Each structure stands twice: as structure tokens, then as C-alpha cells.
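Architecture and fold: a report
In case you want the letters, here they are:
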Amino acid sequence: MLAVIIKMWNERPLRLVLIVALVLRLTAAIFSKGYGWQDDHYLVIEAAQSWVDGTDYNRWLPAENVTTPSGHSFFYPGIHFILFSLLKKISVIDPQLKMYIVRVLHALFSILIVLLGFRITEKLSDKKTASHTALLLAAFWFMPFLSVRNLVEFVCIPFLMLGIWTIMKADEKKNALLQYFIAGIWFGFALNIRYQTALFIGGVCLALLIHKRFLPAVVIGTVVALMFTLIQLPVDYALWHRPFAEFGEYVRYNIASAGDYLSQPWYFYIVLVAGLLIPPVSIFLMIGFFHNWKKHLLIFLPTLFFFLFHSSFENKQERFILTIVPFIIILGSIGWKNISELPRWNFLRRRGILVFFWSINIILLSVATVSYSKRAKVEAMFYLSHIKDKHAIILEDSNHGGYLLMSHFYLNSWMPIYLLNEEADKKSFVDDLDKNNFPEYIVFNEETNIEKRVNDLKQLIPSMKFETAIEPSFIDKLLHRLNPRNANQTIYIYKTK
């Protein structure tokens, strides 16, 4: 078996890497259930399913009490709305089964990142470097996990890479102008999925202008604007009766609310990428990214532009920078290879460095690829979804203020979930509940003070009895231990009557 793998690596490396990528991503699609962040579930899956079921969970649609846009692109959630509508027509209603389908589709789509990473690197360097780059894109510890998530920051990457690859191949085609037109279409899809990709696309056009390729820059910019208009305008006029209402609100909100989120120093993303790509290899890749940058301006400039903007913007969240990580890996691998060939830098090719890197990466990969993220929250709602004749649920989160999101999608119902947090008076809360349709279940979030919280509520609801407890996954426990802000803890379910 090993001999076959070595032979394939030497003779057909791309085929081997694509097999590795496919196996890892399908494994993640099967075992890596749940969701990674709030946005990849509640802004995509929850919204789309609510529309299918005739409601509007996020209050994005016009209503008596909703008179302004939310500032979200409907394109990507809209694709899921179509998918869930089709699944409903063929009686696929199980939430976990629907998410298996969603993850498999994303897994297959993400293979383009590996394939295009190989092609782009091969054209800029050589086949050997392309093979190593593609292997990194296939088997970096975080890639399979992210490939099956509904993160717009990641889903837009194949379209950006398709745009770059189409531009690189345009001069080899007889109809070069058509290729730039097609590149604009790919970039247009990326922009409609994630608005911030405008920074990357603008960097591409600027790189073309610097190289005095004015016509390609104009064609691409025009087609991107046309694609954005054709996709956004009908929705905006149908909902808000004015052009670019959602995009305008998105820009306004992010400028006005940048300081409302956790602020990070300007070097936050430098440290993040250095850790994400595993040092010291991450340092080599980051140094390699800047090597011979003028020669690779088409990729270097938009990536740097995107990175600098997000580093200077006050609201910094880890997932924001994921969009350009594959491009850092591509140029970083090429630069690393070129630098390591210099006599004074040949230590960069030492076997020990690679053994250390792959050892750490394989350990992290084996954990991340099968991690069930947000398990307790998902399984608690999925457990309750199988119980008939319920009208409402109480969510007890009295250790915290604010609002805790629990998934109606996995509950398979849009019944009320009444939040009892630390700001509420428990007696008044219970007294205000509809006694004719009293919530049949109480969901207690996390084990902290659980006995006191249960006893306090039992005095007001004497009939409540313990039903089950849902444990978080290993990765959830680990992330909570590393950072208590990751509120992934045990959930307790009690029945009220």
C-alpha cells in the first residue's frame, strides 16, 4: 500500500492529493456535525429553514415591526432556501439528515480550493511545489473542518480562486476578452456571498492596472458590478423598494457598530495566521509570501490589501481573515521553496522541521476533522424535536444576561422558546406564562449552580422532573477550558408536566 502511494505521489501527485482531500472532507461531513460559530448556522441555516416553514426567524423580511433592512446578502441563504424547499418536497425533514446533505455538498465544492491551488502554484512555480501546496490545502488541520461549515468567509474562496485562475489563463486563449468576462462572473459570485470580498476584487483590478492591463481591469470591474446589481437589485426592490438597501445597511452598521465588538490590536491577524499555520512552518510561509512579490502581484496585492484593511478595522474576529489564508499558503509555499534553495537558507528544508510540522498537524487534523462542534446545544434541541405534543420551551440561563441562541432548526419547530436569564425575576417570569399552553420542557444551560437553579424553579413549578442531560463534545470542553467565552457546556432537560 505504501509503495502504491509513493508511486502515485511521484507520478500523479494531483490525483493522490485530491483523493486525500475528498476522504478528509467526506469524513468531516459525516462526523463533524453541529456548527462552528453563531453566524454559520443562525445567519444561513436558521434563516433559510424559517422561510421554508413560512416564518422569518431573523426578522430580515419587511413586517409591521420590521421596517429597515438587516444588512445581509440574501444570495447564500437563498441557495439554502431553495435546497431546503426541494428537500421538503421529497419529504426530507430530519434536521440532521438535511445537514449531512449540506455538509457533503460543501465538502465537494471545497475540493476546488485544492485543485485550483495546485494549478495556480504549478503555473507560478513548478509541479513539485504545486504538489506540496495542494497537500497543505487538502490536509492542513483546519481545512476539512472549515470546508463543511456554512461560513461565507470560506465558501467564497473557490470563486475567488476561479477568478484568479481564469485571469492567469486568459492570455493563452484566443478569446482573452471572454476570459476576463468569465473571471468577472466568478468574482461577482464571491461578492454576492460575502460583501468584504470587494476588497480582494479591488486589489485584483489594481494589480492589473499597475501592469497596464487597463481593458481586463475595466471588463472585470464592470462585470462584477453587473453581477452584483443583477443579484442584489431584484431582492432589494422586492423587499425595500430601493436599490442596494441591504448593502447600504451593511456598510452603515459596520461603521457605526465596529466598537461594539471585542476589539483586538492591529497585529491580531499576524499572530492568528502564525498560530493557525503551525510555527515554525507558518513563519516560513509568511516570509515566503513576501518573497518576489512583484512577480506575483495579481495574488499578492489583493491578499495584502484584504489583510491590511481587516487589521486596521476595529472589529476583528478570527473567521474574517480565513478568506485569504489559501492565497497566503500558495504564495508562501512558492516563496519558501525559492528561499530554501539559497545556500544560507537551505536549513529551511531540514527533515526535522517537516517531521515536527506534520506530527502536530496530523494530531490536530485527527481531532478537528471529527469534532462535533456545539454538540450539547444541537443535541438538546434535536432530542426535543422527537417529542410530540409540546407547545413551548423554557430556556433557563440565569447565570448570564443577554440572549442565548438555541436552534429552532434542530428543534424542527418554531414554537416559542422563553428565555429566563439573570435579569428576569423568576416568579414574575413564571406567572406571566400562558397557563393553558404552559411550556412542557425546561432547558438548563450549563452546570454552574445547577442544583440551586433547579430548586429555585421547582418552588415555582413543582411538577418539573429531570429528563436527560446532554454532554458537550471533547472539542467543546477543550475550547471552553482554553477560553470560558466559548460557552459550550452540559445542558439539562427537565419536563414540567
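For the structure given in this document, a descriptive report is provided here. Computed from a predicted structure; not experimentally measured.

What counts as what
Residues numbered from 1 in each chain as written. Predicted model: local features only at pLDDT ≥ 70, side-chain atom pairs only at ≥ 80, totals over all residues. Heavy atoms only, no water. Pairing = 2+ DSSP bridges. Helix = DSSP H or I, 4+ residues; strand = E, 2+ residues; numbered from the N terminus. Axes fitted to C-alpha atoms, helices over the stretch in contact; angles between N-to-C directions. Contact = heavy atoms within 4.5 Å. Buried < 20%, exposed > 50% of the residue type's maximum accessible area, 1.4 Å probe, protein only. Core = buried A, V, L, I, M, F, W, Y, C linked by side-chain atoms within 4.5 Å. Parallel < 35°, antiparallel > 145°, perpendicular 65-115°, else oblique. Left-handed = near helix turned anticlockwise from the far one by under 90°. Patch = residues over 30% accessible without salt bridge, like charges linked within 9 Å, V, L, I, M, F, W, Y side chains within 5 Å. Areas by Shrake-Rupley, 256 points an atom, 1.4 Å probe, with all protein chains shown as cover. Salt bridge = Lys/Arg side-chain N within 4 Å of Asp/Glu carboxyl O. 1 Å grid on protein atoms, 1.4 Å probe; cavity = no way out; pocket = protein on both sides within 12 Å on 5 of 7 lines; lining within 4 Å. Points joined across faces, edges and corners; volume = space filled by probe spheres on them. Nonpolar A, V, L, I, M, F, W, Y, C, P; charged D, E, K, R; others polar.

**A closer look at the sheet that holds strand S2 (residues 417–421)**
Reading across from one edge, S2-S1-S3-S5-S4 is the order of the 5 strands in this open sheet, with mixed pairing throughout. The open sheet has two edge strands with one neighbour each: S2 and strand S4 (465–470). This sheet shows a mean twist of 20 degrees between the axes of neighbouring strands, independent of strand direction. Pairing of strand S3 (residues 441–445) with strand S5 (residues 491–495) involves 5 bridges; the strand directions are antiparallel. The residue of S5 that forms the bridge with Asn445 is Ile491. Running over the sheet, helix H23 (residues 450–460) touches strand S1 (393–397), S2, S3 and S5 and is turned about 155 degrees from S3.

**Focus on the environment of Leu233**
Within the secondary structure, Leu233 sits in helix H13 (residues 214–240). Judged by its relative accessible area of 22%, Leu233 is partly exposed. Considered as a pair, Leu233 and Ile287 are 54 residues apart in the sequence and their alpha carbons are 42 Å apart. If sequence neighbours within four positions are ignored, Leu233 has contacts with Phe228, Pro243 and Phe244.

**Some points on the nonpolar core**
Side chains of nonpolar character tend, in soluble globular proteins, to be buried together. By size, the foremost hydrophobic cluster in this structure holds 124 residues, and its most contacted members are Phe140, Ile164 and Phe187. Among the elements that take part in this core, helix H10 (residues 157–170) stands out by supplying 10 residues, more than any other. Those residues within four positions of Phe140 in sequence are excluded, and the remaining contacts are Leu135, Leu276, Leu277, Ile278, Leu285, Ile329, Phe357, Asn361 and Leu365. If you look at the next biggest cluster of nonpolar residues, it comprises 15 residues, including Leu433, Ile442, Phe444 and Tyr492.

**Some thoughts on the packing of helix H11 (residues 176–193) against H13**
The interhelical angle for the contact between H11 and H13, taken along N-to-C directions, is 40 degrees, at an axis separation of 7 Å. Judged by the inter-axis angle, H11 sits oblique to H13. The two elements H11 and H13 cross, and the hand of that crossing is right-handed. Here Leu177, Tyr180, Phe181, Ala183, Gly184, Ile185, Phe187, Gly188, Phe189, Leu191 and Asn192 of H11 come into contact with H13, specifically with Leu215, Pro216, Val219, Ile220, Val223, Val224, Met227, Phe228, Ile231 and Gln232.

**Section: a nonpolar patch on the surface**
Residues Met1, Leu2, Ile5 and Ile6 make up a contiguous nonpolar surface patch of roughly 450 Å² in combined accessible area. Looking at the secondary structure, you find Ile6 in helix H1 (residues 2–11). For Ile6, a relative accessible area of 44% gives the class partly exposed.

**So, empty space enclosed by the protein**
Scanning all chains against the criterion turns up 1 cavity of 30 Å³ or more. Of all elements in the fold, only helix H6 (95–124), helix H8 (143–147) and helix H9 (152–155) reach the threshold of two or more residues within the lining of the largest cavity. Looking at which element gives the most residues to the lining of the largest cavity, the answer is H6, with 4 residues. For the lining of the largest cavity, the class distribution of residues is 6 nonpolar, 3 polar and 1 charged.

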